[in-house]
Amino acid sequence: MARFTVYHTGRTDMPPVEQEILAAVGAEIRLIAPEKPAAELATLMPDADAALVIYAPITAEVLDGMPNCKVVVRYGVGVDTLDLDAATERGVICAHVPDVNRREVANHALMLMLAVTRKLIVQDRAIREGGWTIGALAPTPELYEQTLGLVACGPIARLLAERARALSMRVIGYDPYADPTRAAAAGIELLPSLEDVLSQSDVVSVHAPHTPETEHMIDAAALARMKPSAHLLNTARGPVIDEAALIAALQSGTIAGAGLDVFEHEPMAADNPLRSMDNVVLTPHTAHYSDRSRATVARRVAESAAHVLTGHWPRFVANKGVLDKLDLKPCPDPPDDP
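Since the structure is predicted, the reported quantities are computational estimates derived from the model, not experimental observations.

Draft legend 1. Region of interest: the sheet that holds strand S11 (residues 257–260). What the seven strands build is an open sheet, ordered S8-S7-S6-S9-S10-S11-S12; its pairing is parallel. Lying at the two open borders of the sheet, with one neighbouring strand each, are strand S8 (189–190) and strand S12 (280–282). With four bridges joining them, strand S6 (residues 147–151) and strand S9 (residues 203–206) adopt parallel strand pairing. Looking across to S9, one finds that Leu150 is bridged to Ser205. Contacting S6, S9, strand S10 (231–234), S11 and S12, helix H5 (residues 102–117) crosses the sheet at an angle of about 150° to S10.

Draft legend 2. Focus on the sheet that holds strand S4 (residues 71–74). As summarised here, the arrangement of the five strands in space is S2-S1-S3-S4-S5, forming an open sheet in which the pairing is parallel. Across the chains shown, the open sheet's two edge strands, defined by having one partner strand only, are strand S2 (27–31) and strand S5 (93–96). Within this sheet the neighbouring strands show an average axis-to-axis angle of 20°, counted without direction. Here three bridges tie strand S1 (residues 4–8) to strand S3 (residues 50–53), and the two strands are oriented parallel to one another. Bridge pairing in S3 links His8 to Leu52. The strands touched by helix H1 (residues 16–24) within the sheet are S1, S2 and S3, with S2 carrying the most contacts at an inclination of about 140°. Contacting S1, S3, S4 and S5, helix H12 (residues 291–309) runs over the sheet at an angle of about 165° to S4.

Draft legend 3. Highlighting helix H11 (residues 243–252). Here H11 has its buried residues at Glu243, Ala245, Leu246, Ile247, Ala249 and Leu250. Contact partners of the buried residues in H11: helix H10 (220–225), S10, S11 and S12. Residue Asp242 occupies the N-cap position of H11, its side-chain oxygen lying 3.2 Å from the main-chain nitrogen of Ala244. Looking one or two residues beyond H11, the residue adopting positive phi is Gly253, at roughly 85°.

Criteria and cut-off values
- Residues numbered from 1 in each chain as written.
- Predicted model: local features only at pLDDT ≥ 70, side-chain atom pairs only at ≥ 80, totals over all residues.
- Heavy atoms only, no water.
- Pairing = 2+ DSSP bridges.
- Helix = DSSP H or I, 4+ residues; strand = E, 2+ residues; numbered from the N terminus.
- Contact = heavy atoms within 4.5 Å.
- Axes fitted to C-alpha atoms, helices over the stretch in contact; angles between N-to-C directions.
- Buried < 20%, exposed > 50% of the residue type's maximum accessible area, 1.4 Å probe, protein only.
- Polar contact = N/O pair within 3.5 Å; in protein donor to acceptor, adjacent residues only side chain to side chain.

Written out as structure tokens, the structure is:
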């Protein structure tokens, strides 16, 4: 008989590495097909000791439906699908994997910046349609010595700053929670307000998590503060930007273009105007992806669940309030300094 029951709410199969790690601690894995609403999820995991989630909403109702659950592990960095306060109240650890995909997301943001400012998609499409002209390229800015503005200055933003410095860009940022020493080491000049960053930047890259504080922080008023020649990038979370306001700004010429990996509603609706805009480069929430990062995240998720089930802390705890509620052993493989 299995010692533990672990539910996976986002897969129809399990990577072998996850199966091996969880089997080693005596866990039985049960799969729940993706896209289940919270009301249904609340009835499907009554004996869960742990839950592994990708996009599933883990609400107070869902947590009450699995009263013996010790840990919920979210793939990747974002935890906006988890009710952290409700989990803390119930003594449930919310673990995540914030460190694995940092390089890939920074590289993806750099790719979006180059693609949208250099009009990569426009040029590619023109050649495929039989054209050969530079007429559609004007205006195209030269990124050399232009200003990159960062909205939030965490690890991914700092990695992007290092890449931008290779292009001889000035890098500025706004983040009231930033560590000034780390920002300075990455070459970021911290400014006192978001408005300062928006108004001075030629490219603005969003790296803020989605929280009540950050929802729609890039709204119509914020977009109006940007230069008409500026471009906006988002590899963080879609709701940080008011998408309707962004569409209007792109259509009116308030800003020049955008490179987007995340959206307010995913998958994007077929009639979303962003799909038909030549001044926008779109990717389907894939900034995190590489073969290596995908395999590493799968292993880390399973390890986090196994650590908690065997009485240890996971590498990363998203709901810090639970640290005072539980008495667990130190993590067997603590994280590197982020």
